[in-house]
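Here are the chains, one letter per residue:
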Number of protein chains: 2
Amino acid sequence: MTQYWSSTFTLGILGGGQLGKMLLDETARLDIRTSVLDPSAEAPARGRTETFQRGNLMDYETVLAFGREVDMITCEIEHINIDALAQLEKEGKIVRPSPGIFRTVGNKSLQKAFYRDHDIPTLPFFSFENKREMLDRLEGLPAVWKAATGGYDGRGVAVLRTQADLDQVPDMPGLIETYMEDKREISILIARSPSGQLAAFPAVEMVFHPTANLVEHLHSPTSLPAEVATRAREIAESVAKAFDLAGIMAVEMFVTPDNRIYVNEVAPRPHNSGHHTIESHLTSQHEQHLRAILDLPLGSPRALFPAVMLNVLGGPESGKPRYEGLTEILREEGVYPHIYGKAETRPFRKMGHITVIGATLEEALAKAEKVKQRLVVTAG
Amino acid sequence: MTQYWSSTFTLGILGGGQLGKMLLDETARLDIRTSVLDPSAEAPARGRTETFQRGNLMDYETVLAFGREVDMITCEIEHINIDALAQLEKEGKIVRPSPGIFRTVGNKSLQKAFYRDHDIPTLPFFSFENKREMLDRLEGLPAVWKAATGGYDGRGVAVLRTQADLDQVPDMPGLIETYMEDKREISILIARSPSGQLAAFPAVEMVFHPTANLVEHLHSPTSLPAEVATRAREIAESVAKAFDLAGIMAVEMFVTPDNRIYVNEVAPRPHNSGHHTIESHLTSQHEQHLRAILDLPLGSPRALFPAVMLNVLGGPESGKPRYEGLTEILREEGVYPHIYGKAETRPFRKMGHITVIGATLEEALAKAEKVKQRLVVTAG
């Protein structure tokens, strides 16, 4: 068996953002050598890995060359050159999760078709190639429009309610999904190892920013009835199996007021909705991802405490970030700021996150509210 | 106020061993820029810091030049050039803890005299300049001999029971301390900020390796009666105040069968006896050290779970390390291996540690025993 620790085995990580940075805490703890590829000289993961290489993650030759020099490849982002990964896999390199998952997930129409074809519950939808086709097939408003590709952090998704909304839809391939009123959004981080071991973290509930379409905070546990939580976990498991996943995956789901569950979308990597696991669970999502891709025994996904995770979003100004109020919030017990180290703040950019734990969820939520009011990202 | 996060403020760390590596997890989380000085090209902290500089920590010019390039200096090891730190302080550089502490602590005779002069309970002793003087003043056996300088991890300390033991004592400055039968050894990690805030972690009990004079495991909580634990904390506080500490310090103490407490020695930095805080306390010792030297509000030292910490020591062979059984122990819930990444194993070398948490101390101890039996460091 490969001796991963304190050896020449090198894990290549595509992407050096905050997720890569946090994954590197776990590779460091187990002394697993890493190499990171990222386009930015100021990537958060820089200075936290044995080797850092600057390069375009979408460029075939760059990704191919990077992958050939490492022993295994994983990703912290989906916007990568999938053809290069497929070629590396063909050459015998281990790529986890497999490139096929990224191909399916990277196109929302393919992703929705995948759920339909695998009997995974998802909201009714139709795909189209252009706006003309969309308008022809649209049966009424409101409806949800999604771009097939290019969406991220709220871009590429819109609720269409009026003719004005329709007018703004760009002419590009996409899908229309049934609009569901009063739904809740939950996420389950699920890990699966090449040996087939499965471990699902408890579901978290995501509360969105009213305008930015970004998660403003999430909390764990959710208020789902036990049988609904169990069903959500079973759905997440079936998704992981359908994808033949090796690694961790966030399965985002809608829960209707009458507790029907629909898979919204997945991210085949550690995810914003799993940040709280670092402090509030026996195993963090990053450790779990690492265990999964290396085919080590999966860690216990058990929760230790109720937790709230707040994204620290850039304020209205752009420029060199200042974190006002951070010293103040360090006075609170059980408050864990993670500052990603991005060189520039921009409106709504994810600059960091804060995990708040409490003896009860109410206590954690109250503390998180105080924290939210105090911490402001300015530029200057 | 200085904006430490995402700024050009640079914390210089003398020493890049495992303690430095773990401290870098916390600077990374808060995005505080670091520069590390260590003699080894393969230091565990390498690849985890913005800047890594190879150099001799005992060399005046090296430490001086390193210190002049950073904004604040701290240490993860005591074997450093103290004159250079004193010079840097004279030049207006912030050095925390202050060089004077290292001067006192670095010489066991000075350290013992410090306790005596500050009414801090410590076992009776006398200091001497050479072996002749020691033999003249020795009033009987058994007694404990300690070298004034150069002791570390069991070297430079001996229990003298027989003439043969006496014969082996080298001719060098040192001290003789009363030998105490059946004592227990505890440690309290205590942090103090320049503003004077104090925070003591709960005491841990240290169980030593029968021959190597190294901590084999420690557990928290101790079995000390509550009033003894309180007295130990008060003593640790008085030590931190007497030293005018800025940072964290391990205060190692003896507890006699009739619950008298004596300070044995201190380490003015994060310490082996605080490793378990990473997983089992609200704040880790490394985060606490960072908060203390930056004069941020100290974190809560509250324990969350009973914990056992096992040192992973090198086996009888020397060479490239192999960690046999590590995959197996990852099957256990609440078991956290930390592999330091040292390039070479040697007998009794600290190669890593494992923290084991449990719902009860008994559960954690039982799990730790299993772990200890499974994990072996070999060379090859």
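On a predicted model such as this, the values are computed, not experimentally measured, just so you know.

Draft legend 1. Focus on the interface of chain A and chain B. Opposite the 44 residues of chain A that make contact, chain B presents 44 residues. Of the roughly 3,800 Å² buried at the junction of chain A and chain B (both faces included), carbon and sulfur atoms supply 53%. For the chain A face of the interface with chain B, the top three residues by lost area are R29, R48 and L330 of chain A, together amounting to 17%. At the boundary of chain A and chain B, one finds four salt bridges. Linking chain A with chain B are 23 residue pairs in polar contact (both at pLDDT 80 or more), by the criterion used here. Among the secondary structure elements, those contributing two or more residues to the side of chain A that touches chain B are α1 (18-29), α10 (285-293), β17 (321-324), α11 (326-329) and β18 (335-339) of chain A. For the side of chain A that touches chain B, the per-class residue count stands at 19 nonpolar, 11 polar and 14 charged.

Draft legend 2. Up close: the UniProt feature "binding site: ATP" (unreviewed entry) in chain A. Residue and element names in this part refer to chain A. Taking the numbering used here, the UniProt-annotated feature "binding site: ATP" (unreviewed entry) corresponds to K108, K146, E185, N264 and E265. With respect to the secondary-structure elements, E185 resides in strand β10 (residues 184-192). Among all residues touching E185, those that are not within four sequence positions of it are V204, E205, M206, F208, M253, F254 and N264. For E265, the position within the fold is in strand β15 (residues 261-267). Residue E265 is classed as partly exposed on the basis of its relative accessible area, which comes to 22%. In this structure E265 touches K108, Q111, Y115, A250, V251 and E252, once residues within four positions along its chain are discounted.

Draft legend 3. Main features of the relation of the copies chain A and chain B. With an RMSD of 0.0 Å, the operation that places chain A on chain B is a rotation of 180 degrees combined with a shift of 0.0 Å along the axis. Such values leave the two copies arranged in the relation of a two-fold axis. Minimal C-alpha distance to the rotation axis in chain A is attained by R48 of chain A, lying at 2.1 Å. Of the interface residues in chain A, 100% have counterparts in chain B that sit at the interface too, so the contact is made through matching surfaces.

Draft legend 4. Structural context of the sheet that holds strand β2 (residues 33-38) of chain B. Residues and elements named next belong to chain B. The strand order β3-β2-β1-β4-β5 describes an open sheet built from five strands, whose pairing is parallel. Strands with a single pairing partner mark the edges of an open sheet, and in this sheet they are β3 (51-54) and β5 (94-95). Note: β2 against β3, four bridges, orientation parallel. Looking at the pairing, D38 lines up with R54 of β3. Each of β1 (10-14) and β4 (72-75) touches helix α10 (residues 285-293); the most contacted strand, β4, lies at about 145 degrees to it.

Draft legend 5. Quick look at the packing of α1 of chain A against α10 of chain A. Residue and element names in this part refer to chain A. Running from amino to carboxyl end, α1 crosses α10 at an angle of 65 degrees, the nearest separation of the two axes being 8 Å. By the angle between their axes, α1 is roughly perpendicular relative to α10. Pair α1 / α10 crosses with right-handed handedness. Residue-level contacts link L19, M22, L23, E26, T27 and R29 of α1 to Q285, H286, E287, H289 and L290 of α10. Among the residues making up the contact of α1 with α10, the classes are represented as four nonpolar, four polar and three charged.

Draft legend 6. Region of interest: the domain arrangement of chain A. All names here are of chain A. If you check the domain split of chain A, you get domain 1 (10-95), domain 2 (124-178) and domain 3 (184-379). Here domain 1 and domain 3 have C-alpha centroids that lie 23 Å from each other. On the domain 1 side of the interface with domain 3, the three residues burying the most area are Q18, L19 and M22, jointly 31% of the side's total. Run the count over domain 1 and domain 3 and you get two salt bridges. For the side of domain 1 that touches domain 3, the secondary-structure elements that each account for two or more residues are α1 and β4 (72-75). Class assignment of the residues belonging to the side of domain 1 that touches domain 3 gives a composition of 10 nonpolar, three polar and six charged.

Draft legend 7. Region of interest: unusual backbone geometry. Across the junction of R96 of chain A and P97 of chain A, the peptide omega takes the value -5 degrees, indicating a cis bond. Within the fold, P97 of chain A resides in the loop between β5 (94-95) and α4 (99-105). Cis geometry is adopted by the peptide bond preceding P221 of chain B, which originates at S220 of chain B and carries an omega value of 5 degrees. Tracing the backbone through its elements, the reader meets P221 of chain B in the loop between β13 (215-220) and α8 (226-242). Look at F348 of chain B: it is not a glycine, yet its phi comes out positive at around 65 degrees. Relative to the helices and strands, F348 of chain B resides in the loop between β18 (335-339) and β19 (350-357).

Draft legend 8. How the structure looks around the sheet that holds strand β6 (residues 125-128) of chain A. Residues and elements named next belong to chain A. Here four strands make up an open sheet; going across it, the order is β6-β9-β7-β8 and the pairing antiparallel. At either margin of the open sheet sits one strand with a lone partner, and together these are β6 and β8 (157-160). Between one strand axis and the next, the sheet turns through 20 degrees on average, direction left out of account. One ladder, built from four bridges, connects strand β7 (residues 143-147) with β8; its direction is antiparallel. Within β8, the residue paired with W145 across the bridge is A158.

Criteria and cut-off values
- Residues numbered from 1 in each chain as written.
- Chains lettered and ligands numbered in written order.
- Predicted model: local features only at pLDDT ≥ 70, side-chain atom pairs only at ≥ 80, totals over all residues.
- Heavy atoms only, no water.
- Contact = heavy atoms within 4.5 Å.
- Buried area = accessible area lost by both parts, 1.4 Å probe.
- Salt bridge = Lys/Arg side-chain N within 4 Å of Asp/Glu carboxyl O.
- Polar contact = N/O pair within 3.5 Å; in protein donor to acceptor, adjacent residues only side chain to side chain.
- Helix = DSSP H or I, 4+ residues; strand = E, 2+ residues; numbered from the N terminus.
- Nonpolar A, V, L, I, M, F, W, Y, C, P; charged D, E, K, R; others polar.
- UniProt positions renumbered as here; feature names shortened; annotations may be inferred.
- Buried < 20%, exposed > 50% of the residue type's maximum accessible area, 1.4 Å probe, protein only.
- Least-squares fit on C-alpha atoms with pLDDT ≥ 70 in both.
- Pairing = 2+ DSSP bridges.
- Axes fitted to C-alpha atoms, helices over the stretch in contact; angles between N-to-C directions.
- Parallel < 35°, antiparallel > 145°, perpendicular 65-115°, else oblique.
- Left-handed = near helix turned anticlockwise from the far one by under 90°.
- Domains from an automatic or database assignment.

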